[in-house]
Amino acid sequence: MAEAKKFVQQLFNNEKSKESVVKIHDSSDKKSQGGGGNFKRANTNVGVMNKFILQFSRVEKSYRLIEEAFILIARSESQKSLQERMKRKCKMTHVNPILVYLGFEDKQFDNDEIKKMFDKSADSQENISFQRLLIGVGLSYHARLDKMKQAEKENSGTEVEYDDNGNPKSNEIVPPIDEDVKEEDQTEEEQRMSILGAGFEVVKNMFDTIDEDGSGEISLQEFEQS
């Protein structure tokens, strides 16, 4: 579980934003009676991570799966420290095979989409770090969801509205999704995608919870104090 938190911290390590704070009126201060007021500074995000603690195992499983694909396809050696692991390199030509191993369709994204998500061309011989691969895979997962939503919209021929959780809004009674699907009923690729998705959904929910102003950015300090 500690490993998972380090993993998420590493993903947020380069995020930059101003820390959100609130001023709490201190009623015990006599000066506040006269209108001048004394205020205490408090972080708005203190404690918000507590509800995610029990879900860190999903993040860790997702991380281990990506690392497994990275080691297998890029023929990379395992490293002991998290910092050393994040610095490992692979060729951009390894990205598509890694995505396929994780459950994506072969060449599900065109070169422009890959370049947008990984900052480099898919057929490039340039190197990409394992840390950047993690971020790119996360972006790929959510891009895949967007493609699925778009395909559903086109196939239905009607405008489909989605709620904040990405689920389609409908007045019709929809049978509940069976979250206890047995692994033997899934292909290996589907099992890997399920593991991957569970981890990245936790990361996204954590990010959205901390990013109270919806700016799309949080600081490492915000994360550590959550």
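For the structure, check the block above.
Residues numbered from 1 in each chain as written. Predicted model: local features only at pLDDT ≥ 70, side-chain atom pairs only at ≥ 80, totals over all residues. Heavy atoms only, no water.

This part takes up the overall build of the chain. Of regular secondary structure, the chain possesses eight helices and four strands. Secondary structure of the chain in N-to-C order comes out as α-β-β-α-α-β-α-α-β-α-α-α. Counting across all 226 residues of the chain, residues that qualify as buried make up 35%. Considering only intrachain contacts with a sequence separation of at least 6, the fraction spanning at least 24 residues in the chain is 66%. (Helix = DSSP H or I, 4+ residues; strand = E, 2+ residues; numbered from the N terminus. Buried < 20%, exposed > 50% of the residue type's maximum accessible area, 1.4 Å probe, protein only. Contact = heavy atoms within 4.5 Å.)

Moving on: the environment of Arg 75. Mapped onto the fold, Arg 75 is located in the loop between helix 2 (56-74) and helix 3 (82-87). Looking at Arg 75, the relative accessible area reads 74%, which means it is exposed. Note: C-alpha distance between Arg 75 and Cys 90 (15 residues apart in sequence) is 8.6 Å.

Let's shift gears to helix 2. Over its 19 residues, helix 2 extends 26 Å from the first C-alpha to the last, a length consistent with the 27 Å expected when each residue adds 1.5 Å. Just beyond helix 2, the residue with positive phi is Arg 75, at close to 55°. (Expected span 1.5 Å × (residues − 1).)

Following the sequence through the fold, Ser 129 ends up in strand 4 (residues 127-129). Since its relative accessible area comes to 15%, Ser 129 is described here as buried. For the pair Ser 129 and Arg 88, spaced 41 residues apart in sequence, the C-alpha to C-alpha distance is 5.5 Å. Setting aside anything within four residues of it in sequence, one finds Ser 129 in contact with Met 86, Arg 88 and Lys 89.

Tracing the backbone through its elements, the reader meets Ser 124 in the loop between helix 5 (111-118) and strand 4. With relative accessibility at 12%, the residue Ser 124 sits in the buried group. Within the structure, Ser 124 has its side chain in polar contact with the backbone nitrogen of Glu 126 (distance 2.9 Å). Dropping the residues within four chain positions of it, Ser 124 is found in contact with Met 92 and Thr 93. (Polar contact = N/O pair within 3.5 Å; in protein donor to acceptor, adjacent residues only side chain to side chain.)

Below, the discussion takes up the nonpolar core. Counting residues in each nonpolar core, the largest one holds 30 residues, and the members touching the most others are Ile 66, Leu 102, Phe 118, Leu 133 and Leu 196. Looking at this core, the elements that each hand over two or more residues are helix 2, helix 3, helix 4 (95-101), helix 5, helix 6 (130-156) and helix 7 (188-210). The element that contributes the greatest number of residues to this core is helix 2, accounting for seven residues. Those residues in contact with Phe 118, other than ones at most four positions away along the chain, are Met 92, Val 95, Leu 99, Ile 128, Arg 132, Leu 133, Gly 136, Val 137 and Ser 140. Of all hydrophobic cores here, the second largest spans six residues; its members include Phe 52, Phe 56, Val 59 and Met 206. (Core = buried A, V, L, I, M, F, W, Y, C linked by side-chain atoms within 4.5 Å.)

It is the contact of helix 2 with helix 6, at a shortest axis distance of 11 Å, that shows an interaxial angle of 120°. One element, helix 2, and the other, helix 6, form an angle in the oblique class. Between helix 2 and helix 6 the crossing geometry is right-handed. From helix 2, Tyr 63, Ile 66, Glu 67 and Phe 70 reach across to helix 6, where they touch Phe 130, Leu 133, Leu 134 and Val 137. Taken together, the residues of the contact of helix 2 with helix 6 break down into seven nonpolar, no polar and one charged. (Axes fitted to C-alpha atoms, helices over the stretch in contact; angles between N-to-C directions. Parallel < 35°, antiparallel > 145°, perpendicular 65-115°, else oblique. Left-handed = near helix turned anticlockwise from the far one by under 90°. Nonpolar A, V, L, I, M, F, W, Y, C, P; charged D, E, K, R; others polar.)

Let us now look at the side chain of Ser 62. Structurally, the position occupied by Ser 62 is in helix 2. The class of Ser 62 is buried, set by a relative accessible area of 2%.

This next bit is on the pattern of salt bridges. Summed over the entire model, instances satisfying the criterion amount to seven salt bridges. Between Arg 64 and Glu 60 there is a salt bridge; the shortest N-O distance is 3.6 Å. One end of the pair is Arg 64 and the other is Glu 60, both in helix 2 and four residues apart, which spans about a single turn. A salt bridge links Lys 204 to Asp 208; the shortest N-O distance between them is 2.8 Å. (Salt bridge = Lys/Arg side-chain N within 4 Å of Asp/Glu carboxyl O.)

For the rest of this paragraph, the subject is unusual backbone geometry. If you check the backbone angles, Lys 107 has positive phi at about 55° while not being a glycine. Mapped onto the fold, Lys 107 is located in the loop between helix 4 and helix 5. A positive phi angle, near 70°, is found at Asp 119, a position not held by glycine. Relative to the elements of secondary structure, Asp 119 occurs in the loop between helix 5 and strand 4.

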